[in-house]
Amino acid sequence: MNKYLLGKSISGASVWPFVIVKNKELKEDFTFINHEKIHLQQQLELLIIPFYLWYFTEYLLRWLQYKDRFLAYKNISFEREAYTQEMKENYLEERRFWAFLQFL
């Protein structure tokens, strides 16, 4: 079911308060789960709906900037924070409020 929901190129997604995974094995992948937990924290900080509006708007702006969907995605501030911090075990405990702003 999740493979149809997520499409071919997406392994998982955070939709407050859930993390949706394409494969059960990803539930055991610390880096992947930590990345998605960072997104859950971002969503909570922005009161969920504004997070999705900001995410989509920033994606569109980055797409116009880079003329490439993958580069646009990788340069969204929320993704930049999650990718650079996903391997840090205690990142969420140490993370400052609205930390994604430093990745704009």
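Note: the structure precedes this text.
In this text, all values refer to a predicted model and were calculated from it rather than measured experimentally.

What am I meant to see in the overall build of the protein here?
In terms of regular secondary structure, the protein is built from six helices and two strands. Put simply, the protein runs from its N terminus to its C terminus through helices and strands in the order α-β-β-α-α-α-α-α. Considered along the principal axes of its C-alpha atoms, the protein spans approximately 35 × 35 × 25 Å. Across the 104 residues of the protein, 35% fall into the buried class. Of the charged side chains in the protein, 14 are positive and 13 negative, and the gap between their average positions amounts to 7 Å.

Explain the side chain of His39 to me, please; I cannot follow it from the model alone.
Counting through the fold element by element, His39 comes out in helix α2 (residues 30-45). A distance of 3.0 Å separates the side chain of His39 from the side chain of His35, its partner in a polar contact.

Is there a simple way to think about the environment of Asn75 in this case?
Following the sequence through the fold, Asn75 ends up in the loop between α4 (69-74) and α5 (77-85). For Asn75, a relative accessible area of 17% translates into the label buried. Remark: the alpha-carbon pair of Asn75 and Glu89, spanning 14 residues in sequence, is separated by 23 Å. Other than its neighbours up to four places away in sequence, Asn75 contacts Glu58, Arg62, Tyr66 and Arg80. Within polar-contact distance, the side chain of Asn75 engages the backbone oxygen of Leu71 at 2.8 Å.

Would you explain the packing of helix α3 (residues 49-66) against α5 in this entry?
Geometry of a packed helix pair, given as the angle between the helix axes and the separation of the axes. Viewed as axis vectors pointing N to C, α3 and α5 meet at an angle of 95°, and their least axial separation amounts to 9 Å. Taken together, the axes of α3 and α5 lie roughly perpendicular to each other. Side by side, α3 and α5 meet where Phe51, Trp54, Tyr55 and Glu58 of the first sit next to Ser77, Phe78 and Glu79 of the second.

How should I be thinking about unusual backbone geometry in this particular structure?
With an omega dihedral of 0°, the bond running from Trp16 to Pro17 counts as a cis peptide bond. Of note, Pro17 is situated in the loop between β1 (12-15) and β2 (18-21). In this structure, Lys67 is a non-glycine residue whose phi angle is positive, near 55°. Mapped onto the secondary structure, Lys67 falls in the loop between α3 and α4. Take Lys67: its relative accessible area is 68%, and that puts it in the exposed class. At Trp98, a position not held by glycine, the phi torsion is positive, near 55°. Here Trp98 is to be found in the segment after α6 (91-94).

Is there a simple way to explain the packing of α2 against α5 in this structure?
Between α2 and α5, whose axes approach to 9 Å, the crossing angle comes to 140°. On the basis of their axis angle, the class for α2 and α5 is oblique. When the axes of α2 and α5 are compared, the crossing they make is right-handed. Within the contact between the two elements, α2 uses Asn34, His35, Ile38, His39 and Gln42 and α5 uses Phe78, Glu79, Glu81, Ala82, Tyr83 and Gln85. Of the residues that constitute the contact of α2 with α5, the class distribution is four nonpolar, five polar and two charged.

Parameters and conventions
- Residues numbered from 1 in each chain as written.
- Predicted model: local features only at pLDDT ≥ 70, side-chain atom pairs only at ≥ 80, totals over all residues.
- Heavy atoms only, no water.
- Helix = DSSP H or I, 4+ residues; strand = E, 2+ residues; numbered from the N terminus.
- Buried < 20%, exposed > 50% of the residue type's maximum accessible area, 1.4 Å probe, protein only.
- Lys, Arg positive; Asp, Glu negative; His and termini not counted.
- Charge placed at Lys NZ, Arg CZ, Asp CG, Glu CD.
- Polar contact = N/O pair within 3.5 Å; in protein donor to acceptor, adjacent residues only side chain to side chain.
- Contact = heavy atoms within 4.5 Å.
- Axes fitted to C-alpha atoms, helices over the stretch in contact; angles between N-to-C directions.
- Parallel < 35°, antiparallel > 145°, perpendicular 65-115°, else oblique.
- Left-handed = near helix turned anticlockwise from the far one by under 90°.
- Nonpolar A, V, L, I, M, F, W, Y, C, P; charged D, E, K, R; others polar.

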